[in-house]
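# Breakdown of the fold
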Amino acid sequence: AEQERRRAEEEEAERAREKVLEKKRARQAKALAMQLQQVEEGKQARAAAGKVVEAERRLAEALDAIEGGDLAGAKELWMQGEALVAEVGDAAGAEARYRVRNVEKSLRIALWKEAADEESERSLGEWARRKEERAA
């Protein structure tokens, strides 16, 4: 009977040790999962930062293209920059989103001016044609 009681106590002690070890392993697994998540978040943050830098480069090129009169090229560069900022989402930050809107406004103004210039040229051409017709 004494041996049976000791064996039962030893089994109970072994189960208690196993339970403690299971809890320790679970804590270690949770800590490792958190570390892996932090590493992944760091990778994502670095990737997002790289995309924001690339977006800002393209937006700067778009502004240069607007100044140079290449509105089609500027629009393409603006669209690429906008897509990169949108892809990154909130990680891009307010400043990057502001730059996208600012370049878009500059592009719209340049397109509006170009259309107004073309309309002015047409109007002047028509005025000159009518003047010649009256003179003839």
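Report follows, based on the coordinates. (Residues numbered from 1 in each chain as written. Predicted model: local features only at pLDDT ≥ 70, side-chain atom pairs only at ≥ 80, totals over all residues. Heavy atoms only, no water.)

What the protein contains, in helices and strands, is three helices and zero strands. In sequence order, the protein lays out its α and β elements as α-α-α. Its C-alpha atoms give the protein a radius of gyration of 35 Å, clearly above 14 Å, the size a compact globule of 136 residues would have. Principal-axis analysis of the C-alpha atoms places the extent of the protein at approximately 135 × 20 × 20 Å. Summed over its atoms, the accessible surface of the protein is roughly 10,700 Å², and 53% of this surface lies on carbon and sulfur atoms. (Helix = DSSP H or I, 4+ residues; strand = E, 2+ residues; numbered from the N terminus. Rg over C-alpha atoms; globule rule 2.2 N^0.38 Å. Areas by Shrake-Rupley, 256 points an atom, 1.4 Å probe, with all protein chains shown as cover.)

All right, on to the pattern of salt bridges then. Taken as a whole and assessed by the stated rule, the structure comprises 17 salt bridges. Three or more residues joined by partner-sharing salt bridges are found here, namely Glu 2, Arg 5, Arg 6 and Glu 9. (Salt bridge = Lys/Arg side-chain N within 4 Å of Asp/Glu carboxyl O.)

On to the environment of Arg 108, then. With respect to the helices and strands, Arg 108 occurs in helix 3 (residues 94–135). Look at Arg 108 and you get exposed, because its relative accessible area is 55%. Separated by 41 residues in the primary sequence, Arg 108 and Glu 67 have C-alpha atoms spaced 13 Å apart. (Buried < 20%, exposed > 50% of the residue type's maximum accessible area, 1.4 Å probe, protein only.)

Our next topic: helix 3. When the terminal C-alpha atoms of helix 3 are compared, their 61 Å separation across 42 residues agrees well with the 62 Å that a helix rising 1.5 Å per residue should span. Within helix 3, the full set of buried residues consists of Ala 96, Val 100, Val 103, Leu 107 and Ala 110. The inward-facing, buried residues of helix 3 contact helix 1 (2–68) and helix 2 (71–88). (Expected span 1.5 Å × (residues − 1). Contact = heavy atoms within 4.5 Å.)

Remark: helix 2 packs on helix 3, axes separated minimally by 10 Å, with the N-to-C direction vectors making an angle of 160 degrees. For the element pair helix 2 / helix 3, the angle class is roughly antiparallel. Like other packed secondary-structure pairs, helix 2 and helix 3 cross with a definite hand, here left-handed. Contacts from Leu 71, Ala 74, Lys 75, Trp 78, Gly 81, Glu 82 and Val 85 of helix 2 reach helix 3 at Ala 96, Arg 97, Val 100, Val 103, Glu 104, Leu 107, Ala 110, Leu 111 and Glu 114. Here the residues of the contact of helix 2 with helix 3 are counted per class, giving ten nonpolar, one polar and five charged. (Axes fitted to C-alpha atoms, helices over the stretch in contact; angles between N-to-C directions. Parallel < 35°, antiparallel > 145°, perpendicular 65-115°, else oblique. Left-handed = near helix turned anticlockwise from the far one by under 90°. Nonpolar A, V, L, I, M, F, W, Y, C, P; charged D, E, K, R; others polar.)

As a further point, take helix 2. Between its terminal C-alpha atoms helix 2 stretches 26 Å, which fits the 26 Å expected from 18 residues at 1.5 Å a residue. The complete set of buried residues in helix 2 reads Leu 71, Gly 73, Ala 74, Leu 77, Trp 78, Gly 81, Leu 84, Val 85 and Val 88. Seen along its axis, helix 2 keeps its buried residues to an arc of 150 degrees; they face one direction. In helix 2, the exposed positions angled more than 90 degrees off the buried face are occupied by Ala 72, Ala 86 and Glu 87. Looking at the buried positions of helix 2, the neighbouring elements they touch are helix 1 and helix 3. Backbone geometry just downstream of helix 2 places Gly 89 in the positive-phi region, at approximately 75 degrees. (Arc of directions from axis to C-beta.)

Everything listed here is a matter of geometry and, on its own, says nothing about what the molecule does.
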